[in-house]
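Letter by letter, the chains look like this.
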Amino acid sequence: MSYAIQIERLTKSYGDHTVLKSLNFNVVKGEIFALLGVNGAGKTTALECIEGLRKYDSGSIVVNGRMGIQLQSASLPAYIKPMEAVRLFAKWNKTQIDYSMLAALGIDELTKKLYTNMSTGQKRRLHLALALISDPDIVFLDEPTAGLDVEGRISLHDQIRKLKEQGKTIILASHDMAEVESLCDRIAILNDGNIVFLGTIAELTSKIGKCYTIHIKTEQGNEICDCDNIGDTMLDLLEDLKYRGIAVLDIKIDRGTLEQHFIDIARGNGE
Ligand SMILES: Nc1ncnc2c1ncn2[C@@H]1O[C@H](COP(=O)(O)OP(=O)(O)OP(=O)(O)O)[C@@H](O)[C@H]1O
């Protein structure tokens, strides 16, 4: 198997706080790989160590390919226009501008905007375009859809899938299990400096179930049910309510955060 990134025993502390405790994982060329975990789990630190932006204490990191990096938070001069930033980055990278990539990200529609007047989604698209200017083999995205509306998320997800179709490797950090489930080939869940799960979403769900919560509001109160098989459980609940002659007023289904369930299980609090 051919690896884009190989991590062995990666360890990093800030003072006496060890944030990454001897991490081992590989990212396969051409896959979309996600680092998941709660706030402070160490996702950004791990990404920044791999990107070469942060010193680490010990271990080894091998990156096989050119990197394009979208940081968690980045900023440009307030009065720069998108195409000025694109030309600047192309010059720094000594590369030709890929106008089709800019069009796919909708940057061509923003030509007159000043950076300071752009929305969060527009800024994210511009920063992704700047990360792609050098036609990287490996794209790093730190919480790429944070702060975006539904349309912005869907559009960015489409872009990320297109990057994979072009053969690029994508490594991203996210809190959002739904996002990760729809995009990623494999995930690593970080907790307290350790990888508590490494594998596919299917492997994760087969390990811990799907963890849905169904809330049904009826004229006699609320029915709440946790389940793995949403279809069968919902039918059973509705049939039971019908049999008892209770009218259903509203139904809501919560998708639990799989990574939190997994972390609970890893800590021995789950199930
Ligand atoms: N420069 C720093 N100096 C000291 N501690 C830091 C520094 N950067 C991060 N930390 C700490 O390291 C831990 C991991 O932070 P990191 O940003 O890597 O986590 P994260 O999983 O990316 O979190 P989030 O989801 O909130 O972005 C946190 O406890 C954080 O406070």
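None of these values were measured; they are calculated from a predicted model.

What counts and how
- Residues numbered from 1 in each chain as written.
- Predicted model: local features only at pLDDT ≥ 70, side-chain atom pairs only at ≥ 80, totals over all residues.
- Near = placed C-beta within 6 Å.
- Helix = DSSP H or I, 4+ residues; strand = E, 2+ residues; numbered from the N terminus.
- Nonpolar A, V, L, I, M, F, W, Y, C, P; charged D, E, K, R; others polar.
- Domains from an automatic or database assignment.
- Pairing = 2+ DSSP bridges.
- Axes fitted to C-alpha atoms, helices over the stretch in contact; angles between N-to-C directions.
- Contact = placed C-beta atoms within 7 Å.
- Buried ≥ 20, exposed ≤ 12 C-beta atoms within 10 Å, placed from the backbone.

### Re the site of the ligand
No. 1: Contacts to the ligand come from Tyr14, Val19, Gly37, Asn39, Gly40, Ala41, Gly42, Lys43, Thr44, Thr45, Ala173 and His175.
No. 2: Ranked by residue count, the leading element in the shell around the ligand is helix H1 (residues 43-51), at three residues.
No. 3: Considering only residue class, the shell around the ligand consists of four nonpolar, seven polar and one charged.

### Focus: the domain arrangement of the chain
No. 1: For the chain, the assigned domains read domain 1 (3-206) and domain 2 (212-255).
No. 2: The C-alpha-based centres of domain 1 and domain 2 are spaced at 39 Å.

### Quick look at the sheet that holds strand S2 (residues 17-28)
No. 1: Read across the open sheet, the three strands follow the order S2-S1-S4; overall the sheet is antiparallel. What marks the edges here is a single partner per strand, and that holds for S2 and strand S4 (58-63). Going from strand to strand, the sheet's axes swing by 15° on average, the running direction of each strand aside.
No. 2: Here strand S1 (residues 3-14) runs beside S2; their pairing, made up of eight bridges, is antiparallel. Bridge assignment links Gln6 to a residue of S2, and that residue is Asn26.
No. 3: The sheet strands contacting H1 are S1, S2 and S4, and the helix crosses S1 at an angle near 120°.

### Quick notes on the sheet that holds strand S5 (residues 67-70)
No. 1: With respect to topology, six strands assemble into an open sheet ordered S5-S6-S7-S3-S8-S9, the strand pairing being mixed. Looking at which strands have only one partner, the edges of the open sheet turn out to be S5 and strand S9 (194-199). The average undirected angle you get between the axes of adjacent strands in this sheet is 15°.
No. 2: Taken together, the five bridges between strand S3 (residues 32-36) and strand S7 (residues 169-174) define a ladder with parallel strand orientation. Pairing of Leu35 across the sheet is with Ala173, part of S7.
No. 3: Contacting S3, strand S6 (138-142) and S7, helix H5 (residues 150-165) runs over the sheet at an angle of about 150° to S7.

### Considering the environment of Arg153
No. 1: Along the chain, Arg153 turns up in helix H5.
No. 2: The class for Arg153 is buried, based on 20 C-beta atoms found within 10 Å.
No. 3: Linking Arg153 and Gly121, residues 32 residues apart in sequence, is a C-alpha distance of 8.6 Å.
No. 4: Contacts of Arg153, omitting those with residues within four sequence positions, involve Thr145 and Leu148.

### Looking at the environment of Ser134
No. 1: For Ser134, the position within the fold is in the loop between helix H4 (120-132) and S6.
No. 2: Residues Ser134 and Arg66 lie 68 residues apart in sequence; the distance between their C-alpha atoms is 8.2 Å.

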